[in-house]
Amino acid sequence: MPKLRTPRFSVPKPRLPRIPVPQLQPPEFNGRLHDARTATAIGRWLGIAFAVCFVTGLISHYLQHPPDWLADHLPARPTWGYRLTQGLHIATGLAAIVLLLVKLWAVYPRLFVRPPVRSVRHGLERLSVAVLVAAAVFQVLTGLLNIVEWYPWPFFFVPVHFAVAWIAAGSILLHIAVKAPDIRAHWSRSSAGTRELPAEDAPDRRSLLLATGAAVGAVTLTTVGQAFTPLKAFDLLAPRHPDRGPQGLPVNRTAVAAGVTERGLRAWRLEVVGPRPYTLTLDALRALPRAGARLPIACVEGWSVEADWGGVRLSDLVARAGGRPGSAAVRVTSLEVSGSYRVMEMGAEYVEDPLTLLALTLNGQPLSLDHGAPARIIAPNRPGVLQTKWVYRLEVR
Ligand SMILES: Nc1nc2c(c(=O)[nH]1)N[C@H]1C(S)=C(S)[C@@H](COP(=O)(O)O)O[C@H]1N2
Ligand SMILES: [Mo]
């Protein structure tokens, strides 16, 4: 090609007024910390938090909604099982909020990658990241709002949170598979890929990771006391405090909210339906052989507290109705006017357990109205939502 020469004498261009044109320039990111090592280091912890959150979430889901074949075989032991798994579910979910924010901050420059799609593979990879980010943000956000019982959306929390958990889990696995080479190269400070990063970034990265760890620690320390009683003094941020509430125990749904009144209880009878149905007045129920159990209420929202419960063994009430010991399941109905937890199904393992009570007392006092007077269910290793209050009817099945 002939070389173009700048003409020696150029004609001056006519001067036009300059009109500023908004430039859609992608922002510039000069490396520091928006790199694969940071993403891997944070992603590792985020992955662990999500994995624990997912598994404990599944446990919670299947304890609440077991398939028919499983319903009678759910384990009633260990008594603190659900307390532990749900405490972990909430703690890892809260930690994931911090980790997710830092992770998104570390990788957000990739939003501005040009060209946006290089190939079909690249397009699919970006799409999977978009799904992952959307699902992860949705999960931690809906979970957080559920803890404070705020539902600014038209759908039911439980089935949607459950369904999106699978989407999140699937897209995380896909993400790990796609990023496996990067993850391997940046797994540790001395990995091959990491050595290629500018060395002067290392102190900054260490500070970022330390700050992230401190933030996770702070969030955990100020909330975990809601379930882990030894740390309850530090429980400053959780909406419910282990020993704040009537009879020293929190209340989620009050009697007022459930439409249960002292007046409505005057004519209370326990109806037991089964091969040999019967009804009992409160005095007759109180006169039956009593049993005690020290068991936690472990709410799905994360708080849990152990208490001393006293009442009548459910297995005794079932046997009296002619239910076969060891194979009878029970449907429990509450006086509550409406609500998702008015009717509760209990599988045979729980019914049979000597610690499962129709409780009449809490920490030695008669149940207060907010705790389910005159009678409530308390069973080992079960979500709080199934510890039905204001019970008036048992159906042996
Ligand atoms: N009938 C009925 N029982 C119920 C509920 C309810 O809404 N209705 N809430 C449950 C929930 S979510 C929890 S965590 C426990 C809390 O028991 P407490 O209020 O005595 O602490 O009660 C359970 N029993
Ligand atoms: Mo709950």
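Residues numbered from 1 in each chain as written. Chains lettered and ligands numbered in written order. Predicted model: local features only at pLDDT ≥ 70, side-chain atom pairs only at ≥ 80, totals over all residues. Heavy atoms only, no water.

Got a minute to help me understand the site of ligand 1 in this structure?
Around ligand 1 there are 19 residues in total, and P250, E336, H371, R376 and K389 lie nearest to it. In the model, a nitrogen atom of ligand 1 is placed 3.1 Å from a nitrogen or oxygen of the S334 side chain. Here an oxygen atom of ligand 1 and a side-chain polar atom of R376 are 2.5 Å apart. Surface burial for ligand 1 is 97%, taken as the share of its 530 Å² of free accessible area covered by protein chains. The residue inventory of the shell around ligand 1, partitioned by class, reads nine nonpolar, six polar and four charged. (Near = heavy atom within 4 Å. Polar contact = N/O pair within 3.5 Å; in protein donor to acceptor, adjacent residues only side chain to side chain. Areas by Shrake-Rupley, 256 points an atom, 1.4 Å probe, with all protein chains shown as cover. Nonpolar A, V, L, I, M, F, W, Y, C, P; charged D, E, K, R; others polar.)

Help me out: how do you make sense of the packing of helix α1 (residues 36–64) against helix α3 (residues 81–107) in this one?
Where α1 meets α3, the axes come as close as 7 Å, and the angle between the chain directions of the two elements is 150 degrees. Considered as vectors, α1 and α3 are oriented roughly antiparallel to each other. Crossing hand, α1 versus α3: left-handed. Classifying every residue of the contact of α1 with α3 by side-chain character gives 18 nonpolar, 11 polar and one charged. (Axes fitted to C-alpha atoms, helices over the stretch in contact; angles between N-to-C directions. Helix = DSSP H or I, 4+ residues; strand = E, 2+ residues; numbered from the N terminus. Parallel < 35°, antiparallel > 145°, perpendicular 65-115°, else oblique. Left-handed = near helix turned anticlockwise from the far one by under 90°.)

I would appreciate a short explanation of the sheet that holds strand β1 (residues 270–273) in the present structure.
Pairing between the strands of a sheet comes from backbone hydrogen bonds, and it takes one of two forms, parallel or antiparallel. Strand order in the open sheet made by the five strands is β2-β1-β10-β5-β6, with mixed pairing throughout. Each end of this open sheet is capped by a strand with a single partner; those strands are β2 (278–280) and β6 (343–346). Taking the axes of each pair of neighbouring strands and ignoring which way they run, one obtains an average angle of 15 degrees across the sheet. Where β1 lies against β2, three bridges are found, and the strand directions are antiparallel. Its bridge partner lying in β2, V272 is registered against Y278. (Pairing = 2+ DSSP bridges.)

What's the story with the environment of V55 in this structure? I'm lost.
On the secondary structure map, V55 appears in helix α1. For V55, a relative accessible area of 47% puts it in the partly exposed group. C-alpha separation for the pair V55 and L88, spaced 33 residues apart in sequence, amounts to 9.9 Å. (Buried < 20%, exposed > 50% of the residue type's maximum accessible area, 1.4 Å probe, protein only.)

What exactly am I supposed to notice about the domain arrangement of the chain here?
The extent of an interface is frequently quoted as the accessible surface area lost upon association of the parts. In terms of domain boundaries, the chain breaks down into domain 1 (36–234) and domain 2 (247–396). If you average the C-alpha positions of domain 1 and of domain 2, the two centres end up 36 Å apart. Taken residue by residue, the interface counts 22 residues in domain 1 and 26 residues in domain 2. The contact between domain 1 and domain 2 buries some 2,100 Å² in all, and 51% of this surface belongs to carbon and sulfur atoms. Our count for the contact surface shared by domain 1 and domain 2 stands at one salt bridge. On inspection of domain 1 and its partner domain 2, the count reaches 11 residue pairs in polar contact (both at pLDDT 80 or more). (Domains from an automatic or database assignment. Contact = heavy atoms within 4.5 Å. Buried area = accessible area lost by both parts, 1.4 Å probe. Salt bridge = Lys/Arg side-chain N within 4 Å of Asp/Glu carboxyl O.)

Help me understand helix α7 (residues 202–221) in this model?
In an α-helix there are 3.6 residues to a turn, and that puts residues three or four apart on one side. When the terminal C-alpha atoms of α7 are compared, their 28 Å separation across 20 residues agrees well with the 28 Å that a helix rising 1.5 Å per residue should span. If you check which residues of α7 are buried, you get R205, L208, T212 and V216. Angular distribution of buried residues about the axis of α7 spans 70 degrees; they occupy a single face of the element. The outward face of α7, more than 90 degrees from its buried face, is lined by the exposed residues L210 and A214. Its buried side turned inward, α7 meets α1 and α3. (Expected span 1.5 Å × (residues − 1). Arc of directions from axis to C-beta.)

What should I look at first to understand the pattern of salt bridges in this one?
Side-chain pairs of opposite charge can arise where the charged atoms are in close proximity. With the rule as written, the count across this model stands at 15 salt bridges. Among the ionic pairs, R240 bridges to E301, the shortest N-O distance being 3.4 Å. Taken together, the residues R240 in the loop between α7 and α8 (255–258) and E301 in the loop between β3 (291–298) and β4 (304–313) connect sequence positions 61 residues apart. Relative accessible area serves as the criterion here: at 13%, R240 is assigned to the buried category. Its relative accessible area of 6% is what places E301 among the buried residues. In this structure, R393 engages E271 in a salt bridge whose closest nitrogen and oxygen atoms are separated by 2.8 Å. Of this pair, R393 sits in strand β10 (residues 391–396) while E271 sits in strand β1, placing them 122 residues apart in sequence. With relative accessibility at 24%, the residue R393 sits in the partly exposed group. Residue E271 is classed as partly exposed on the basis of its relative accessible area of 28%. Overlapping salt bridges bring together R121, E125 and K179 as one network.

What's the story with the packing of aromatic side chains in this structure? I'm lost.
Two aromatic rings are characterised by how far apart their centres lie and by the angle between their planes. Considering all chains together, one arrives at seven aromatic pairs under this definition. Seen in terms of ring centroids, Y62 and F162 are 6.1 Å apart; in terms of plane orientation they differ by 85 degrees. Their pairing is edge-to-face. One end of the pair, Y62, is in helix α1; the other, F162, is in helix α5 (residues 157–185), and 100 residues separate them in sequence. Taking relative accessible area as the criterion, Y62 reaches 33% and is therefore assigned partly exposed. Judged by centre distance (5.3 Å) and plane angle (5 degrees), the rings of W153 and F155 are stacked. Taken together, F138, Y151, W153, F155 and F157 form an aromatic cluster joined through their ring pairs. Sitting over the face of the ring of W187, R44 holds its NZ or CZ atom 4.5 Å from the ring centroid. Over the ring of Y350 we find R382; its NZ or CZ atom is 4.5 Å from the centre of that ring. (Phe/Tyr/Trp six-rings, centres within 6.5 Å; stacked < 30°, edge-to-face > 60°. Lys NZ or Arg CZ within 6 Å of the ring centre and 35° of its normal.)

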